[in-house]
Amino acid sequence: MIPNKEYWKYRYQNRQTGWDIGFASPPITNYFDQLKDRDLKILIPGCGNAYEAEYLFNQGFKNIYILDLVEDVLQSFKRRLPEFPSEKLICADFFKYKGTFDLIIEQTFFCALSPEQRRDYTNKISNLLSPKGKLVGVLFNKYFEHKGPPFGGDKKEYELLFSESFTIKTLENCYNSIEPRMGNELFFIFENPL
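Quick look at the structure, then. One numbering rule holds for all chains: residues counted from 1, following each sequence as written. In view of the model being predicted, local features appear only for residues whose pLDDT reaches at least 70, and side-chain atom pairs are presented and counted only at 80 or more, with totals across whole chains, interfaces and linings using the full set of residues. The side-chain quantities take in all heavy atoms of the structure and omit both hydrogens and water.

**A word on the nonpolar core**
Thought 1: Core analysis: the biggest nonpolar cluster contains 27 residues, and I44, I64 and I66 have the highest contact counts within it.
Thought 2: Elements with a minimum of two residues in this core: α2 (26-32), β1 (42-45), α3 (51-58), β2 (64-68), α4 (71-80), β4 (101-107), β5 (129-140) and β7 (185-191).
Thought 3: Throughout this description, the term nonpolar core refers to a set of buried Ala, Val, Leu, Ile, Met, Phe, Trp, Tyr and Cys residues connected via side-chain atoms within 4.5 Å. We call a residue buried when its accessible area falls under 20% of the maximum for its residue type, exposed when it is over 50%, and partly exposed in between, using a 1.4 Å probe and counting protein chains only. Ranked by size, the runner-up nonpolar core spans 25 residues in total, among them F94, I104, F110 and L113. Labels follow the DSSP assignment, with helices taken as runs of H or I lasting at least four residues and strands as runs of E lasting at least two, numbered in each case from the N terminus.

See below:
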């Protein structure tokens, strides 16, 4: 099954959002805190409630774009952060979206995609990143007993998949995951070599 727009809209409307921790993920915010260039052009695909975008915006990053299939979550974000530019709220299919970014943030979007879409995801990310641009975020380092989403994976699988398109700079266990995910997340930095 490949989850579609109606599937995700239903999940949000019925508060079936177990992936949503209610704030920006600590491994990702720790990475943000090390960034010095506030002009980086950043994309957060499958953004959901976009806590990472809110964190970045409040830290002075203004060139942030958030993308989701579900208009409701983008409107909810805009109500929460009315000063965020409306033209940077993108309701679109990630796989059809066009643009170029210095940094793409991965936070529970990859695990929401069916495993059969993973190669399409890596190809699309590579096309969206500028030369030497980075894909940064967290991935689940576990398999789930239920049929997804979320869909799990492990370090070896990710190394094989992502090394086809990216230079793997970092892929390691998160030391600063939230308690329920401790030991089950990998922090990564993948660089577009093109």
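**Quick look at the pattern of salt bridges**
For side chains of opposite charge, pairing can occur when their charged atoms come near one another.
Thought 1: Here, a salt bridge means any Lys or Arg side-chain nitrogen found within 4 Å of an Asp or Glu carboxyl oxygen. Tallied over the entire structure, the rule returns 7 salt bridges.
Thought 2: Note that E54 and R80 form a salt bridge whose closest N and O atoms lie 2.8 Å from each other. In this pair, E54 sits in helix α3 while R80 sits in helix α4, placing the two residues 26 residues apart along the sequence.
Thought 3: A salt bridge links R118 to E157, with the nearest nitrogen and oxygen atoms 2.8 Å apart. Taken together, the positions of R118 in helix α5 (residues 118-128) and E157 in helix α6 (residues 155-162) put the pair 39 residues apart, joining distant regions of the chain.
Thought 4: One salt-bridge network, held together by shared partners, links K132, K134, K169 and E191.

**Remarks on the packing of aromatic side chains**
What describes a pair of aromatic rings is the distance from one ring centre to the other and the angle between the planes of the rings.
Thought 1: Only rings of Phe, Tyr and Trp enter the pairing, Trp through its six-membered ring, and a pair is recorded when the two centres are within 6.5 Å. The plane angle decides the type: under 30 degrees is stacked, over 60 is edge-to-face, the rest tilted. Considering all chains together, one arrives at 20 aromatic pairs under this definition.
Thought 2: Arranged with centres 5.8 Å apart and planes meeting at 35°, the rings of F94 and Y121 form a pair that is tilted. Here the residue F94 occupies a position in the loop between β3 (89-91) and β4, and Y121 occupies one in helix α5, the gap between them amounting to 27 residues. Comparing F94 with Y121, the two get one shared label, buried.
Thought 3: Judged by relative accessible area, which is 0%, Y121 ranks as buried.
Thought 4: In this structure, K41 is placed above the aromatic ring of Y65, and the distance from its NZ or CZ to the ring centre is 5.4 Å.
Thought 5: Criterion for a charge above a ring: Arg CZ or Lys NZ at most 6 Å from the ring centre, at most 35 degrees from the ring normal. We note K41 situated over the ring of F101; from NZ or CZ to the ring centre the distance is 5.0 Å.

**Remarks on the packing of α5 against α6**
Thought 1: The angle between two axes is taken between their N-to-C directions and runs from 0 to 180 degrees, where each axis is a line fitted to C-alpha atoms and a helix contributes only its stretch in contact. Packing of α5 against α6 leaves a shortest axis separation of 10 Å and a crossing angle of 50°. The angle between α5 and α6 falls in the class oblique. Relative to α6, the crossing made by α5 is right-handed. Residues R118, R119, Y121 and T122 of α5 pack against E157, Y158, L161 and F162 of α6.
Thought 2: For the contact of α5 with α6, a count of residues per class yields 4 nonpolar, 1 polar and 3 charged. Any angle that falls under 35 degrees is termed roughly parallel, while one over 145 is termed roughly antiparallel, one within 65 to 115 roughly perpendicular, and all others oblique. In this scheme, a crossing is called left-handed if the near helix is turned counterclockwise away from the far one by less than a right angle; it is called right-handed if the turn is clockwise. Any two residues having at least one pair of non-hydrogen atoms within 4.5 Å are treated as being in contact. When residues are sorted by character, Ala, Val, Leu, Ile, Met, Phe, Trp, Tyr, Cys and Pro go into the nonpolar class, Asp, Glu, Lys and Arg into the charged class, and all the rest, Gly among them, into the polar class.

**Quick word on the pairing of β7**
Thought 1: With 7 of 7 residues buried, β7 lies mostly within the body of the structure.
Thought 2: Side-chain alternation along β7 places E185, F187, I189 and E191 on one buried face and L186, F188 and F190 on a second face that is also buried.
Thought 3: Two strands pair under a simple rule: DSSP has to find at least two bridges between them. In this structure, β5 lies alongside β7, joined through 7 bridges in antiparallel fashion. Paired with F140 across the bridge in β7 is E185.
Thought 4: Pairing between strand β6 (residues 167-173) and β7: 6 bridges, direction antiparallel. Across the sheet, I168 pairs through a bridge with F190, a residue of β7.

**Overview of the sheet that holds β3**
Thought 1: Spatially, the 7 strands line up as an open sheet ordered β3-β2-β1-β4-β5-β7-β6, and their pairing is mixed. Unpaired on one side and paired on the other, β3 and β6 mark the two borders of the sheet. Geometrically, the sheet is characterised by an average inter-axis angle of 15° between neighbouring strands, direction not taken into account.
Thought 2: The strands touched by α4 within the sheet are β2 and β3, with β3 carrying the most contacts at an inclination of about 165°.

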